[in-house]
Structures are given as C-alpha cells and as structure tokens.
Amino acid sequence: MNLIVAVDENWAIGNNNELLITIPADHKFFRQETSGKVVVLGRKTLETFPQGLPLKNRTNIIMSTNPAYKVKDALVVHSTEELLEELKKYDTEDVYVVGGESVYRQLLPYCNVAHVTKIDHAYAADAYFPNLDEMPEWKITADSEEQTYFDITYHFLKYEKKV
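So, a few notes on the structure that sits alongside this text.

## Concerning the pattern of salt bridges
Close approach of charged atoms allows side chains of opposite charge to pair.
Next up, step 1: Applying the stated criterion across every chain yields a total of six salt bridges.
Next up, step 2: Residue D73 pairs with K72 through a salt bridge whose shortest N-O separation is 3.4 Å. Exposure class is identical for D73 and K72. Each is exposed.
Next up, step 3: A salt bridge links K89 to E86, with the nearest nitrogen and oxygen atoms 3.0 Å apart.
Next up, step 4: Residue classification places K89 among the exposed positions, given a relative accessible area of 60%.

Pasting the structure below:
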C-alpha cells in the first residue's frame, strides 16, 4: 500500500482542517499518482474536498467510526480490520492513503511506499505526519530536483520501507 502526503520541514500536514499551502505541481502529482486508483481517507479529509465530494476517477474508501455515516459514490468502512478486508479486492500497489493525520497514523504500518512532497518551510499547524526520517525502517529511494513555487522550495521524495 502507498501513501501520499505533503509535509513542511516539521512534518506538519495541516492547520484548522486545511492544507498548509496549495502548490499546483503537488496537486498535479497527486492527480497523476492516484487517478484510476483506490484512495483511502478519513471523513474530515473528505469534508475538505470541493463540495465535500469523493475524488473523481478513483475508488474512494472513507474511514469513519460513525456507523451511520454514508457518502454517495464512496465506500465507508468503520475500522482498520474492515478496511484491510475490503482492500483484499484490489492490487496493493493501486491503493493510496491520502489522509488525514489519524488515518495516516493508523495505516502507516501497512504501507510500503510513501510519496512525500517535502516543503522547505515551517507553517503554523495542528496536524502532523510521523517523521519518516526518524524511522530506521524507512529510507529515501528517490529525490526530485529542487522545485520552486513563488518563494517556496520543495522536493518530491519517495520513501520505501526496508523489507
């Protein structure tokens, strides 16, 4: 299973249920990477999407502890066990965890590849991703050239879990 995330230099991912910054090239990378695939996300992350609707051209699986929670054009699961059972229907290489903080933390142990957009800036934040650089089982296997968006620099990194 994959995950895809944009983090700042402190591994922050959001503030007040919003992304820290919107970088068009990062969104393009996200679309290219996940289009036609399965995305796994939490209810709060879904609510940040345009009109709170599932992403087009993807199988959306929403994690929510609320048993009554329903989403048009998406599948809702209520536990990690239920999710893992559902994911048996798909090629694990086609599954992307896309947030937010609690879903990333729950599913990180099941992921083997992390696509991380690392932004060279520190933002005010209240949601964080686990720092993969401090986890010996994760290593960077690809690093893009430095990218810039106005005065912000960033890199597209690929981390892989050592087997």
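## A few points about the packing of aromatic side chains
Next up, step 1: Evaluation of the coordinates by the stated rule reveals six aromatic pairs.
Next up, step 2: With centroids separated by 5.1 Å and ring planes inclined at 35°, the aromatic side chains of F29 and F156 adopt a geometry described as tilted. A residue pair is termed long-range when its members are at least 10 positions apart, and F29 in helix α1 (residues 24–34) and F156 in strand β12 (residues 152–161) qualify at 127 residues.
Next up, step 3: Among the aromatic residues, those joined into a cluster by ring pairs are W11, Y104, F129 and Y159.

## Some words on the sheet that holds strand β3 (residues 18–19)
Next up, step 1: Taken in spatial order, the three strands line up as β3-β2-β9 in an open sheet, and their pairing is antiparallel. In this open sheet, the two edge strands, each paired with only one partner strand, are β3 and β9 (127–128).
Next up, step 2: Pairing analysis gives two bridges linking strand β2 (residues 12–15) to β9, with the strands arranged antiparallel. Bridging across to β9, A12 finds its partner in Y128.

## Section: the nonpolar core
Next up, step 1: Formed by 28 residues in total, the largest nonpolar core has its most connected members in L3, V40, V97, V116, F129 and L132.
Next up, step 2: For this core, the secondary-structure elements that each account for two or more residues are β1 (2–7), β4 (38–42), β5 (59–63), α3 (80–87), β7 (95–99), α4 (101–107), β8 (113–119) and β12.
Next up, step 3: With residues up to four places along the chain from it excluded, the contact list for V97 reads M1, N2, L3, I4, V40, V103, Y104, L107 and C111.
Next up, step 4: One finds V39, F49, Y69 and V76 within the second-largest nonpolar core, a separate group that totals 13 residues.

What counts and what doesn't
Residues numbered from 1 in each chain as written. Predicted model: local features only at pLDDT ≥ 70, side-chain atom pairs only at ≥ 80, totals over all residues. Heavy atoms only, no water. Salt bridge = Lys/Arg side-chain N within 4 Å of Asp/Glu carboxyl O. Buried < 20%, exposed > 50% of the residue type's maximum accessible area, 1.4 Å probe, protein only. Phe/Tyr/Trp six-rings, centres within 6.5 Å; stacked < 30°, edge-to-face > 60°. Helix = DSSP H or I, 4+ residues; strand = E, 2+ residues; numbered from the N terminus. Pairing = 2+ DSSP bridges. Core = buried A, V, L, I, M, F, W, Y, C linked by side-chain atoms within 4.5 Å. Contact = heavy atoms within 4.5 Å.

By themselves, these are just geometric observations and shouldn't be taken as functional.
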